[in-house]
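These are the residues of each chain, in order.
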Amino acid sequence: DAMVIQNPRYQVTQFGKPVTLSCSQTLNHNVMYWYQQKSSQAPKLLFHYYDKDFNNEADTPDNFQSRRPNTSFCFLDIRSPGLGDAAMYLCATSKGWGNEKLFFGSGTQLSVL
Amino acid sequence: GESVGLHLPTLSVQEGDNSIINCAYSNSASDYFIWYKQESGKGPQFIIDIRSNMDKRQGQRVTVLLNKTVKHLSLQIAATQPGDSAVYFCAEKSPRDDKIIFGKGTRLHILP
């Protein structure tokens, strides 16, 4: 049973064209995360929500935004994708914060043409 | 500073042999460590974790060892199977802000 679901699996967008990636969870976890992962590198945390509280990483570009309209859903918006934004985007959840295992979705592979 | 890194980027192991994947960390105050497995085209999957009050923890076919003296942890996989082929990440909870920081990953190849 899928617990963290990401759609779409693959996304192609054009340079500068806004794109939205979605994530949903059936775990009722409080925390939802967005990670960016390039070429089998370590996942890099972009931001996270603890319930409705948004926490941005200091080095996350302004081009990246996120929305969490309810407990189950979280979106990643890339306002003006550049070629360097092509990557795997991973959504994860955890029940709480710290000392908690993360549950990842299968990711969305974003290509920018 | 905080960093979690792996000694070897690629490890090739004969099927049936044991695999050992190593990881070093830099912050002696770190108290929680996790190993994740990422198969091709999938998100990372939790394997096993360990807290700093332990030296060893065992799961099904996997063992994590923590050596706080030299700030080193390892993941041992017993009787490696083809399904173990993946990239393995160690991760560390930052003592500064409790964020989970991932290391660079080791790709495990299983030889027939």
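Residues numbered from 1 in each chain as written. Chains lettered and ligands numbered in written order. Predicted model: local features only at pLDDT ≥ 70, side-chain atom pairs only at ≥ 80, totals over all residues. Heavy atoms only, no water.

**Q** Sorry if this is basic, but what is going on with the pattern of salt bridges here?
**A** If charged atoms from side chains of opposite charge come close, those side chains can pair. Taken as a whole and assessed by the stated rule, the structure comprises eleven salt bridges over all chains. When the shortest N-O distance is used, the salt bridge between aspartate 49 of chain B and arginine 57 of chain B registers 2.2 Å. The exposure class of aspartate 49 of chain B is buried, given its relative accessible area of 11%. On the basis of relative accessible area, arginine 57 of chain B is assigned to the partly exposed category, the value being 34%. For aspartate 97 of chain B, the salt bridge is made with lysine 99 of chain B, and the minimal N-O distance between the two is 3.8 Å. Assessed through its relative accessible area of 19%, lysine 99 of chain B is described here as buried. In the salt-bridge network here, residues are joined through shared partners; they are Glu57 of chain A together with Arg96, Asp97 and Lys99 of chain B. (Salt bridge = Lys/Arg side-chain N within 4 Å of Asp/Glu carboxyl O. Buried < 20%, exposed > 50% of the residue type's maximum accessible area, 1.4 Å probe, protein only.)

**Q** Which parts of the structure should I look at to understand the pairing of strand 6 (residues 53-56) of chain A?
**A** On a regular strand, each side chain points to the face opposite its neighbour's, so the side chains alternate between the two faces of the sheet. Residues and elements named next belong to chain A. Judged from the four bridges that link them, strand 5 (residues 44-50) and strand 6 form a sheet pairing that is antiparallel. Its bridge partner being in strand 6, phenylalanine 47 is matched across the sheet by asparagine 56. Counting the residues between successive antiparallel strands, the hairpin from strand 5 to strand 6 contains two residues, one of them, aspartate 51, with a positive phi of roughly 55°. (Pairing = 2+ DSSP bridges. Helix = DSSP H or I, 4+ residues; strand = E, 2+ residues; numbered from the N terminus.)

**Q** Help me understand the state of the cysteines in this model?
**A** Here a disulfide denotes a covalent bond joining the sulfur atom of one cysteine to the sulfur atom of another. Residue and element names in this part refer to chain A. Overall, the coordinates contain two disulfides over all chains when judged by the stated rule. At a sulfur-sulfur separation of 2.0 Å, the disulfide partner of cysteine 23 is cysteine 91. With the S-S bond torsion at -75°, the cross-link from cysteine 23 to cysteine 91 turns out left-handed. Here cysteine 23 is found in strand 3 (residues 19-25), whereas its partner cysteine 91 is found in strand 9 (residues 87-94), with 68 residues between them in sequence. (Disulfide = S-S within 2.5 Å.)

**Q** Looking at this model, I keep getting lost on the layout of surface pockets. Mind explaining?
**A** To locate leftover empty space, one rolls a probe as large as a water molecule over the atoms. Computed from the structure, the largest pocket encloses a volume of approximately 600 Å³. What lines the largest pocket is a set of 26 residues, and nearest its centre among them are Lys37, Gly43, Pro44, Gln45 and Phe46 of chain B. For the lining of the largest pocket, the secondary-structure elements that each account for two or more residues are strand 10 (103-104) of chain A together with strand 4 (32-38), strand 5 (45-51) and strand 8 (72-77) of chain B. Looking at the lining of the largest pocket element by element, the count peaks at three residues for strand 5 of chain B. (1 Å grid on protein atoms, 1.4 Å probe; cavity = no way out; pocket = protein on both sides within 12 Å on 5 of 7 lines; lining within 4 Å. Points joined across faces, edges and corners; volume = space filled by probe spheres on them.)

**Q** What exactly am I supposed to notice about the confidence of the model for chain B here?
**A** Regions with low pLDDT should not have their predicted coordinates read in detail. For chain B, the average pLDDT comes to 91, and 93% of its residues sit at 70 or higher. Averaged pLDDT values over the elements of chain B bottom out at 58 in strand 1 (residues 4-5) of chain B and peak at 98 in strand 7 (residues 62-67) of chain B. (pLDDT = per-residue confidence, 0-100.)

**Q** Quick question: what am I supposed to make of the nonpolar core here?
**A** The tendency in soluble globular proteins is for nonpolar side chains to be buried as a group. Residues and elements named next belong to chain B. Ranked by internal contacts, the top residues of the largest apolar core, which has 20 residues, are Trp35, Leu73, Leu75, Tyr88 and Leu108. Of all the elements in the fold, those that place two or more residues in this core are strand 2 (10-14), strand 3 (19-25), strand 4, strand 5, strand 7, strand 8, strand 9 (86-93) and strand 11 (106-111). Setting aside residues no more than four positions away along its own chain, leucine 108 makes contact with Leu11, Val13, Ser19, Ile77, Thr80, Asp84, Ser85, Ala86 and Tyr88. (Core = buried A, V, L, I, M, F, W, Y, C linked by side-chain atoms within 4.5 Å. Contact = heavy atoms within 4.5 Å.)

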